[in-house]
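Structure at a glance
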Amino acid sequence: MNEITITRPDDWHVHLRDGAALEQTCADMARYFGRAIVMPNLTPPVTSVAEAATYRDRIQRAMAGLPRQFDPLMTLYLTDQTDGAEIQLAAASDFVHAVKLYPAGATTNSDAGVAELDGLFPVLAAMEEADLPLLIHGEVTESEIDIFDREKVFIDRHLAPIAARFPGLRIVLEHITTRDAVQFVREAGNNVAATITAHHLMFNRNDMLVGGIRPHYYCLPILKRNIHQNELIEAATSGNPKFFLGTDSAPHARHRKETDCGCAGVYTAHAAIEFYAAVFEECDALDKLEGFASHFGPDFYRLPRNSDTITLRKQAWPVPADIPLGEDILKPLSAGESLNWQVA
Ligand SMILES: NC(=O)N[C@@H](CC(=O)O)C(=O)O
Ligand SMILES: [Zn+2]
Ligand SMILES: [Zn+2]
């Protein structure tokens, strides 16, 4: 197949950042995505509906001169202080679509996240009641838990009990990386779903660590062994509506990744659907791309599917070596390499 036309896709997990970075991150998202779930881990984080409204304004201003725009779907950042009143405000707004749980210390800009997960139960009850989805960075942070086990331990210790206690709460386990996560989501009720990134489909930990350490493959949750990668590929290409597209495209300036203590995050927004298409083609599943990229996300979020289409053509094109990020530059995934699929 040399050409494929699909319903316009959406990105259900992206980091746009703020300020000068918005020019590039919004331009990349606006190339063909219809909507994007915008993560709230700014410094300081987006913890209220009022802050989400002003952040949304800044995003829309950054898109003003672009040939097309995407619709930013806003999220709130849960803290130990979030209360039921804010949840009700969020549910009543027409632009906040979910609330994000970062265990404190689990990932980039998560220091203000939740330290005491049990203390969250009243807020989760309010979200269940208001039918506002909970998005989760699912990793524990205890120092004695090995980094490669943190997702599985989070599922066992926290996610399974939360899902059991709040059977009506819609939950997205974000950027899943393990067979354990795939299995949990598959077996859970229809209120539980997961996003899968392109980089977790394309790579495993050997790609990051064999023959030299590659900081641009370092993200959280960290790349796992190939058996997990294969399970993610199987889930994404299976046609199961519980698994849908979330790039987790997360820009960091190049000098903040190529350093003593590099930041976690992979930038994929410059070629997102192009990366996914290559993975789906590789396993002869291009016919499953549309469901994963364009149908299952809006169905889960109870939003209409996009009504127009995009066309991907098999046509080699070079990924730039670097991309501007405000005053800095970043190194995009597959920098300097040639990709096979291009959006027409
Ligand atoms: N995924 C990452 O490695 N980084 C994300 C945060 C996140 O999604 O956990 C970021 O904001 O940089
Ligand atoms: Zn995360
Ligand atoms: Zn993320």
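One can find the structure itself at the top, above this paragraph.
The following refers to the structure shown. Computed from a predicted structure; not experimentally measured. (Residues numbered from 1 in each chain as written. Chains lettered and ligands numbered in written order. Predicted model: local features only at pLDDT ≥ 70, side-chain atom pairs only at ≥ 80, totals over all residues. Heavy atoms only, no water.)

In terms of regular secondary structure, the protein chain is built from 12 helices and 13 strands. For 344 residues, the compact-globule estimate of 2.2 N^0.38 gives 20 Å, and the protein chain sits close to it at 19 Å. With the principal axes as the frame, the protein chain shows a C-alpha extent of 50 × 45 × 40 Å. In the protein chain, buried positions account for 57% of the 344 residues. Considering only contacts within the protein chain whose residues lie at least 6 apart along the sequence, 72% involve residues at least 24 apart. (Helix = DSSP H or I, 4+ residues; strand = E, 2+ residues; numbered from the N terminus. Rg over C-alpha atoms; globule rule 2.2 N^0.38 Å. Buried < 20%, exposed > 50% of the residue type's maximum accessible area, 1.4 Å probe, protein only. Contact = heavy atoms within 4.5 Å.)

So, on to the nonpolar core. L16, I59 and L289 are the most contacted members of the largest nonpolar core, which has 102 residues in total. Leave out the neighbours within four places in its chain, and L289 touches I6, I273, Y276, A277, F280, S294 and L312. Formed by 14 residues, the second largest nonpolar core is a distinct cluster that contains Y102, A193, F244 and Y301. (Core = buried A, V, L, I, M, F, W, Y, C linked by side-chain atoms within 4.5 Å.)

Attention now moves to the coordination of the zinc ion (ligand 3). Distances from the zinc ion (ligand 3) to its protein donors, H13 (NE2), H15 (NE2) and D248 (OD), fall within 2.0 Å. Between consecutive donor residues of the zinc ion (ligand 3), the sequence gaps follow H-x1-H-x232-D. Between the zinc ion (ligand 3) and the zinc ion (ligand 2) there is a metal-metal distance of 3.9 Å. In this structure H13 comes out as buried when scored by relative accessible area, which is 1%. (Donors = N, O, S within 2.8 Å, 3.2 Å for Na, K, Ca; no water.)

Close contact between helix α6 (residues 179-187) and helix α9 (residues 226-236) brings their axes to 8 Å; oriented N to C, the two are set at 35°. Where α6 approaches α9, its residues R179, D180, V182 and R186 are matched on the opposing element by I227, H228, E231, L232, E234 and A235. For the contact of α6 with α9, the class distribution of residues is 4 nonpolar, 1 polar and 5 charged. (Axes fitted to C-alpha atoms, helices over the stretch in contact; angles between N-to-C directions. Nonpolar A, V, L, I, M, F, W, Y, C, P; charged D, E, K, R; others polar.)

A few words now on helix α3 (residues 84-92). The complete set of buried residues in α3 reads E86, I87 and A90. All buried residues of α3 fall inside an arc of 100° around its axis, so they share one side. Residues of α3 that are exposed and angled more than 90 degrees away from the buried face: Q88 and A92. Close packing links the buried residues of α3 with α2 (49-62), β4 (71-77), β5 (96-101) and α4 (121-130). (Arc of directions from axis to C-beta.)

Those protein atoms acting as donors to the zinc ion (ligand 2) are H137 (ND1) and H175 (NE2), and they sit at 2.0 to 2.1 Å. Coordination geometry of the zinc ion (ligand 2): the 4 donor atoms subtend angles of 54 to 148° at the metal centre, consistent with an arrangement described as irregular. (Tetrahedral: all angles 85-135°; square planar, octahedral: opposite > 155°, others 65-115°.)

Once that is clear, we can look at the packing of aromatic side chains. For the coordinates displayed, the defined rule picks out 11 aromatic pairs. Here the aromatic rings of Y32 and F33 are separated by 5.1 Å at their centres, their planes lie at 55°, and the arrangement is tilted. When the ring of F300 is compared with that of Y301, the centres are 5.9 Å apart and the planes differ by 75°; the resulting orientation is edge-to-face. Side by side, F300 and Y301 carry an identical accessibility label, which is buried. By the ring-pair criterion, three or more aromatic residues cluster together here, those being W12, F244, F300 and Y301. (Phe/Tyr/Trp six-rings, centres within 6.5 Å; stacked < 30°, edge-to-face > 60°.)

These results come straight from atomic positions and should not be treated as a statement about function.
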